Amino acid sequence: MLFALTLAGPDAEAVRNAAYRVRALAAAAGEVKSTAWLGPGGADVMMESQDRLAVAAVAQAAVEDASVDVCVQPSEGRRKRLLLADMDSTIIGCECLDELADYAGVKAEVTEVTERAMRGEIAFEGALRERVSKLKGLQADVLTRCYAERVRLNPGARILVQTLVANGVRCVLVSGGFEAFTGPVAEAAGFTTHHANRLLVQDARLTGTVGEPILGRAAKLEALRHHAAELGVGLGAALAVGDGANDLAMIEAAGLGVAYRAKPVVAERADARLDHADLTALLYFQGYRASDFID
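Conventions we followed
- Residues numbered from 1 in each chain as written.
- Predicted model: local features only at pLDDT ≥ 70, side-chain atom pairs only at ≥ 80, totals over all residues.
- Heavy atoms only, no water.
- Helix = DSSP H or I, 4+ residues; strand = E, 2+ residues; numbered from the N terminus.
- Rg over C-alpha atoms; globule rule 2.2 N^0.38 Å.
- Buried < 20%, exposed > 50% of the residue type's maximum accessible area, 1.4 Å probe, protein only.
- Contact = heavy atoms within 4.5 Å.
- Areas by Shrake-Rupley, 256 points an atom, 1.4 Å probe, with all protein chains shown as cover.
- Core = buried A, V, L, I, M, F, W, Y, C linked by side-chain atoms within 4.5 Å.
- Pairing = 2+ DSSP bridges.
- Axes fitted to C-alpha atoms, helices over the stretch in contact; angles between N-to-C directions.
- Polar contact = N/O pair within 3.5 Å; in protein donor to acceptor, adjacent residues only side chain to side chain.
- Arc of directions from axis to C-beta.
- Salt bridge = Lys/Arg side-chain N within 4 Å of Asp/Glu carboxyl O.

Peer 1: Can you walk me through the overall build of the protein in this structure?
Peer 2: In terms of regular secondary structure, the protein is built from 13 helices and twelve strands. Whereas a compact globule of 295 residues would reach a radius of gyration of roughly 19 Å, the protein reaches 20 Å, a difference of no more than 12%. For the protein, the C-alpha atoms occupy an extent of roughly 65 × 40 × 30 Å along the three principal directions. Counting across all 295 residues of the protein, residues that qualify as buried make up 53%. Pairs at least 24 residues apart make up 66% of the contacts formed inside the protein by residues separated by at least 6 positions. Surface summary for the protein: the accessible area is close to 12,300 Å², and the carbon and sulfur share equals 48%.

Peer 1: Would you mind showing me how to read the nonpolar core here?
Peer 2: If you look at the biggest cluster of nonpolar residues, it comprises 62 residues, and the most contacted ones within it are Leu83, Ile91, Phe181, Phe191, Leu274, Leu282 and Phe285. Among residues more than four places away in sequence, those in contact with Leu282 are Leu160, Leu239, Val241, Val258 and Leu274.

Peer 1: How should the sheet that holds strand β4 (residues 69–74) be read in this particular structure?
Peer 2: Whenever strands of a sheet pair, they do so through backbone hydrogen bonds, lying parallel or antiparallel. The antiparallel open sheet is built from four strands, whose spatial order is β2-β3-β1-β4. Bordering the open sheet on either side are β2 (31–39) and β4, each of which pairs with just one other strand. This sheet shows a mean twist of 20° between the axes of neighbouring strands, independent of strand direction. Inspection of the sheet shows strand β1 (residues 2–8) paired to strand β3 (residues 42–48) by seven bridges, in the antiparallel sense. Bridge assignment links Thr6 to a residue of β3, and that residue is Asp44. Here helix α2 (residues 52–62) sits on the sheet in contact with β1, β3 and β4, set at roughly 160° to β4.

Peer 1: Which parts of the structure should I look at to understand the environment of Asp247?
Peer 2: Its place among the elements puts Asp247 in the loop between β10 (238–242) and α11 (248–253). According to the relative accessible area criterion, Asp247 is buried, its value standing at 0%. In this structure, Asp247 is in contact with Asp86, Lys220 and Gly242, ignoring residues within four places of it in sequence. Separated by 2.4 Å, the side chains of Asp247 and Lys220 make a polar contact.

Peer 1: Would you mind showing me how to read α2 here?
Peer 2: Count 3.6 residues to each turn of an α-helix, and residues three or four apart come out pointing the same way. Inspection of α2 places Ala54, Val55, Val58, Ala59 and Ala62 among the buried residues, and these make up the whole buried set. The arc that holds every buried residue of α2, seen down its axis, measures 145°, which confines them to one face. Buried residues belonging to α2 abut β1, α1 (12–25), β3 and β4. In this structure Asp51 caps α2, since a side-chain oxygen of it lies 3.0 Å from the backbone nitrogen of Leu53.

Peer 1: I tried to follow the pattern of salt bridges on my own but got confused; where do I start?
Peer 2: A side chain of one charge can pair with a side chain of the opposite charge if their charged atoms are brought near each other. For the coordinates displayed, the defined rule picks out 18 salt bridges. Lys220 is the partner of Asp86 in a salt bridge, and the nearest nitrogen-oxygen pair spans 3.0 Å. Within this pair, whereas Asp86 is found in the loop between β5 (82–85) and α3 (87–91), its partner Lys220 is found in helix α10 (residues 217–231), the two being separated by 134 residues in sequence. Judged by relative accessible area, which is 0%, Lys220 ranks as buried. Linking Lys263 and Glu115 is a salt bridge whose minimum nitrogen-to-oxygen distance equals 3.0 Å. Residue Lys263 is found in the loop between β11 (256–260) and α12 (264–267), and its partner Glu115 is found in helix α5 (residues 107–118); the two are separated by 148 residues along the sequence. A relative accessible area of 29% means that Glu115 is categorised as partly exposed.

Take a look at the structure:
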């Protein structure tokens with residue numbers, strides 16, 4: 001089988017050196033067929049092998065102690081038709097609920113619960129209700145203020161989405177956060193559509209409750225299945241990316257599941273992980289070149 005071993009990172013020289021190391025170590029896993037420089041931060045090494053795990057072991061040895069991420073996958077079908085992306089701490093650089101809690105003066109206690117939920121130590125739905133309850137009475141216009149003052153796209157997010165959409169890919173933002181943020185974030189990055197929870201408001205203040213049913217781990221998986229079915233493709237044609245335990249079901253079900261700066265429970269079970277490269281690495285993983293990127 002022909003495998004695509006993709007290397008991505010912020011340091012072009014480190015990526016190039018890792019590619020050379022793959023070639024030097026390749027005999028332990030198979031035969032190198034070609035090497036392609038996809039851009040300053042990405043390279044493809046195509047390897048013929050009967051053992052994906054052996055190829056992955058070569059890849060890991062090649063990037064040891066280097067700020068380079070790797071992805072090993074069959075070369076056939078690597079370009080996906082569907083992207084599902086988590087929002088908080090994946091497409092954007094913050095947890096919106098934690099930032100809202102800061103406006104309410106309860107950030108420390110809310111952040112502690114967020115961390116436990118993202119590590120998978122407590123159920124997401126109960127943790128969300130508990131955290132939202134602490135926002136009761138907060139003026140609703142703080143949602144707009146919070147977005148303007150604190151929400152920023154992570155590096156590479158807009159290029160990732162714009163490039164995929166231009167290539168006919170359906171891009172879905174799916175979040176355990178709130179529609180008040182997924183709407184403007186989806187617009188800023190160029191997502192096709194978005195799904196999230198809804199904070200309830202009465203008399204221009206947050207009620208401390210969230211609309212039911214809560215969008216959590218199971219709902220993200222269902223969104224993956226729904227959009228794949230609408231497109232008439234299997235889950236293997238999907239790419240899912242996220243950082244927390246509530247992203248794990250969709251990451252494991254997608255053809256390519258990627259952990260972005262993720263909690264250990266997610267990083268250990270994803271097909272690939274981004275610890276160093278920005279989100280444009282997801283384009284390199286699919287064989288796009290930097291010259292294909294659209295902003």
